[in-house]
Amino acid sequence: MSKKRVQEASSYYPCLRYLQRCGGRAKLSQLNFSRDVIQKLVDSNLAKVANTGAGFYLELEKKSWN
């Protein structure tokens with residue numbers, strides 16, 4: 001794995017682990033991670049933003065649980 005790719009993964013890894021510990025989703029307004037970190041997860045297809053009607057949630061994609 002290239003050095004740049006490792007740095008990118010290490011920047012969003014804590015957020016990914018947090019979501020896994022929270023059951024796969026967390027309210028977007030309560031996350032303390034930067035917008036860039038959240039955007040990297042979404043761009044990497046590891047997470048998605050869902051509007052539940054009760055707020056916006058960051059949810060892990062099913063394939064990222066493996």
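Description of the structure in this document. It should be emphasised that the depicted structure is a prediction, and the values quoted were computed from it without experimental measurement.

Observations regarding the pairing of strand 2 (residues 47–51)
Part 1: Summarising the sheet, strand 2 and strand 3 (residues 56–60) pair through five bridges and their orientation is antiparallel. The partner of Asn 51 across the bridge, within strand 3, is Phe 56.
Part 2: What sits between strand 2 and strand 3 in their antiparallel hairpin is a turn of four residues, with Gly 53 showing a positive phi close to 90°.

A look at the pattern of salt bridges
Part 1: Counted according to the given criterion, the structure contains one salt bridge.
Part 2: We note a salt bridge from Glu 59 to Arg 25, for which the minimum N-O separation is 3.7 Å. Of the two residues, Glu 59 is situated in strand 3 and Arg 25 in strand 1 (residues 25–27); the sequence distance between them amounts to 34 residues.
Part 3: Judged by its relative accessible area of 37%, Arg 25 falls in the partly exposed class.

Regarding the environment of Ser 29
Part 1: The topology assignment puts Ser 29 in the loop between strand 1 and helix 2 (35–43).
Part 2: Spatially, the C-alpha atom of Ser 29 lies 9.4 Å from that of Leu 58, the residues being 29 residues apart in sequence.

Let's talk about the sheet that holds strand 1
Part 1: Read across the sheet, three strands follow the order 1-3-2 without closing on themselves; strand pairing throughout is antiparallel. Because the sheet does not close on itself, it has two edges, and the strands there are strand 1 and strand 2. Taking the axes of each pair of neighbouring strands and ignoring which way they run, one obtains an average angle of 25° across the sheet.
Part 2: Of the strands in this sheet, strand 2 and strand 3 are in contact with helix 2, which crosses strand 2 at around 105°.

Definitions and limits used
Residues numbered from 1 in each chain as written. Predicted model: local features only at pLDDT ≥ 70, side-chain atom pairs only at ≥ 80, totals over all residues. Heavy atoms only, no water. Pairing = 2+ DSSP bridges. Helix = DSSP H or I, 4+ residues; strand = E, 2+ residues; numbered from the N terminus. Salt bridge = Lys/Arg side-chain N within 4 Å of Asp/Glu carboxyl O. Buried < 20%, exposed > 50% of the residue type's maximum accessible area, 1.4 Å probe, protein only. Axes fitted to C-alpha atoms, helices over the stretch in contact; angles between N-to-C directions. Contact = heavy atoms within 4.5 Å.

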